[in-house]
Amino acid sequence: MASLQEPWLLENGNLKGSSKEIRHGRTAHNMSSSSLRKKSDLTLVSKVRCGMLRHLLTNLQEVILGTKLTVLFPAIPLAIAAECYGFGRPWVFGLSLLGLTPLAERVSFLTEQIAYYTGPTVGGLLNATCGNATELIIAIFALWQHKIEVVKYSLLGSILSNLLLVLGTSLFCGGIANLGKEQKYDRRQADVNTLLLLLALLCHMLPLLFRISAASVSLTEVPTLQLSRVSSIIMLLAYITYIIFQLVTHRQLFEAQEESEEHGDDLSEETPVIGFWSGIVWLVGMTAVIALLSEFVVGTIEDASESWGLSVSFISIILLPIVGNAAEHAGAVIFAFKNKLDISLGVALGSATQISMFVVPLCVIVAWILGIEMDLNFNLLETGALALSIITTAFTLQDGTSHYLKGLALLLCYVVIGACFFLSKTPSTGHGNAIDLGVKSAAGVVGA
């Protein structure tokens, strides 16, 4: 599709920064999402004589029809219609959640297309920013509506699903599909991500322990909030350092494997299919639609909870991450089947690291700017589940080899945690805290 590219992006007949440099700029997230894409047949479109119309139809076919998740796109107008015409609120929630699935995959596709023109460093930075755009946008809308518990639950659920569900399914399916082979992966990448996850866990546990250790909650409320904000700034600085480490100084540790041994050097896989400015426009448009559906999800989550008989914590921690990131998760499992665990680990650990070290502290800072008191205290049950998940994952990945039993163990951990939150009936959006109540009652006993 060289004829559709902007001429100023061509140099000596070739795309600037193409070929090997761009291939090495592809991240695990890009490689994972690419497994759900399909080649578009542009035979009919190429016969259109009007250049502008041909360009528009080509973009529509590549962006809308160029994914195996095209069947889910009708959920987007249905969700908008359900909201406009006053259909049942649970229907709006369910349709919006389904509509977010192909949009998340398309954002990954568009960032990769833009990366062909900007080079691997800028492209990697763009992917690092937009990699979990859905979670970030949902969290921002929940913050705007002062639903702090929904923010915490949804982000916690994304971390747990990546560490246990995605990684567990990848290791299990990869082990079953490659019983006669020894599955190995690069421990260095896993060690870096695990170290950052442990740093994030420390920043989550200290506010909780700080509050529990106090005789009165009122005495620690302000210091806990201040500690959380300072910790969030430190986490963001650490994440910026991690991005430099990943994209500049130690890029070789995070380069995604290519499929040349199976598909050969197919040039069509290494050239963009839409132009630079087209990619920018589509990315902005997709982000706007994600923002609209995220607003629907946040506004109807309590109605869905009451209608379905499920707690808001279960919906936010279990359902939101599973459905919202289904495309990325499926791609990680597909590469595990192909015995490419480095890509699967890059997706699961990279996404968990990005959420814990970037999205969570960014939400605390945004809440601070908006005058909303959000801290890093995720309550005892939630923080305990996070701690055990990170520790279990760290032990699972310590030797650099994998088999299906490791994946099964991670999956069973996720099932147990899911059952725990299914039975937990925490208040939907209230600011009540079970830990606070326990501390208050304990303080009352001491005072008596």
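All of these numbers come straight from a predicted model, not from anything done at the bench.

Right, let's get into the UniProt feature "transmembrane region" (unreviewed entry) in the protein. The residues that UniProt annotates with the feature "transmembrane region" (unreviewed entry) are residues 155–180, 192–210, 230–248, 273–294, 314–337, 349–370, 376–397 and 404–424. Between the C-alpha atoms that bound residues 404–424 the distance is 30 Å, and the span itself is 95% helix and 0% strand.

Let's shift gears to unusual backbone geometry. The phi dihedral of histidine 146 falls on the positive side, at around 60°, and the residue is not glycine. Mapped onto the fold, histidine 146 is located in the loop between helix 7 (133–144) and helix 8 (148–177). Non-glycine residue asparagine 379 carries a positive phi angle of around 75°. Looking at where asparagine 379 falls in the secondary structure, it is placed in the loop between helix 15 (341–370) and helix 16 (380–396). Accessibility expressed as a relative area gives 11% for asparagine 379, which makes it buried.

Moving on: the packing of helix 8 against helix 15. Axis separation between helix 8 and helix 15 bottoms out at 9 Å; the angle between their running directions is 170°. The orientation of helix 8 relative to helix 15 falls into the category roughly antiparallel. Of the residues that constitute the contact of helix 8 with helix 15, the class distribution is 17 nonpolar, 6 polar and no charged.

In this model, the protein carries a mean pLDDT of 79, and residues with pLDDT of at least 70 account for 76%. Strand 1 (residues 10–11) is the least confidently modelled element of the protein, averaging 38 in pLDDT, while helix 16 averages 94, the highest of any element. Contacts for the low-pLDDT stretch residues 257–269, under 50 throughout, to residues beyond four places or in other chains number 22 contacts. Here residues 427–448 is a poorly scored stretch, pLDDT under 50, and it has 25 contacts once near neighbours within four places are set aside; other chains count.

What follows deals with the nonpolar core. One finds Leu345 and Cys363 to be the most contacted residues of the largest nonpolar core, which totals 106 residues. The element contributing the most residues to this core is helix 15, with 15 residues. Aside from chain neighbours lying at most four places away, what touches cysteine 363 is Leu136, Ala139, Leu143, Val151, Leu155 and Met374.

On the surface, a nonpolar cluster with roughly 570 Å² of combined accessible area is contributed by Ile176, Leu179, Tyr404, Leu405, Leu408 and Leu412. At 4 residues, the largest contribution of residues to the nonpolar patch is made by helix 17 (residues 404–423). Looking at the secondary structure, you find leucine 405 in helix 17. In this structure leucine 405 comes out as exposed when scored by relative accessible area, which is 51%.

Another point: the environment of leucine 196. Looking at where leucine 196 falls in the secondary structure, it is placed in helix 9 (residues 187–212). Expressed as a C-alpha distance, the spacing of leucine 196 and tyrosine 242, which sit 46 residues apart in the sequence, is 8.6 Å. Beyond its immediate stretch of four places on either side in the chain, leucine 196 contacts Tyr242, Thr353 and Met357.

Let us look at helix 7. Its 12 residues place the ends of helix 7 16 Å apart at the C-alpha level, agreeing with the 16 Å of an ideal helix rising 1.5 Å per residue. Within helix 7, the full set of buried residues consists of Ala133, Thr134, Glu135, Leu136, Ile137, Ile138, Ala139, Ala142 and Leu143. Positive backbone phi, at 60°, marks histidine 146, one or two positions downstream of helix 7.

Attention now moves to the packing of aromatic side chains. Tallied over the entire structure, the rule returns 7 aromatic pairs. Pairing phenylalanine 314 with phenylalanine 422 gives two aromatic rings, centres 5.4 Å apart and planes at 75°, and the pair type is edge-to-face. With phenylalanine 314 in helix 13 (residues 312–324) and phenylalanine 422 in helix 17, this pair connects stretches of sequence that are 108 residues apart. Classification of phenylalanine 314 by relative accessible area gives buried; the value is 13%.

Packing of helix 8 against helix 13 brings their axes to within 8 Å, and their N-to-C directions diverge by 50°. In this view, helix 8 runs oblique relative to helix 13, as classed from their interaxial angle. For the pair helix 8 and helix 13, the sense of crossing is right-handed. Together, Val150, Tyr153, Ser154, Leu156, Gly157, Ser158, Leu160, Ser161 and Leu165 of helix 8 and Val312, Ser313, Ser316, Ile317, Leu320, Pro321 and Ile322 of helix 13 make up the contact between the two elements. For the contact of helix 8 with helix 13, the class distribution of residues is 10 nonpolar, 6 polar and no charged.

Between its first and last C-alpha atoms helix 14 (residues 326–337) spans 17 Å; for 12 residues at 1.5 Å apiece the expected length is 16 Å, and the two agree. Of all the positions in helix 14, only Ala327, Glu328, His329, Gly331, Ala332, Val333, Phe335 and Ala336 are classed as buried. At the exit of helix 14 stands asparagine 339, carrying a positive phi of roughly 65°.

Conventions used here
- Residues numbered from 1 in each chain as written.
- Predicted model: local features only at pLDDT ≥ 70, side-chain atom pairs only at ≥ 80, totals over all residues.
- Heavy atoms only, no water.
- UniProt positions renumbered as here; feature names shortened; annotations may be inferred.
- Helix = DSSP H or I, 4+ residues; strand = E, 2+ residues; numbered from the N terminus.
- Buried < 20%, exposed > 50% of the residue type's maximum accessible area, 1.4 Å probe, protein only.
- Axes fitted to C-alpha atoms, helices over the stretch in contact; angles between N-to-C directions.
- Parallel < 35°, antiparallel > 145°, perpendicular 65-115°, else oblique.
- Nonpolar A, V, L, I, M, F, W, Y, C, P; charged D, E, K, R; others polar.
- pLDDT = per-residue confidence, 0-100.
- Contact = heavy atoms within 4.5 Å.
- Core = buried A, V, L, I, M, F, W, Y, C linked by side-chain atoms within 4.5 Å.
- Patch = residues over 30% accessible without salt bridge, like charges linked within 9 Å, V, L, I, M, F, W, Y side chains within 5 Å.
- Areas by Shrake-Rupley, 256 points an atom, 1.4 Å probe, with all protein chains shown as cover.
- Salt bridge = Lys/Arg side-chain N within 4 Å of Asp/Glu carboxyl O.
- Expected span 1.5 Å × (residues − 1).
- Phe/Tyr/Trp six-rings, centres within 6.5 Å; stacked < 30°, edge-to-face > 60°.
- Left-handed = near helix turned anticlockwise from the far one by under 90°.

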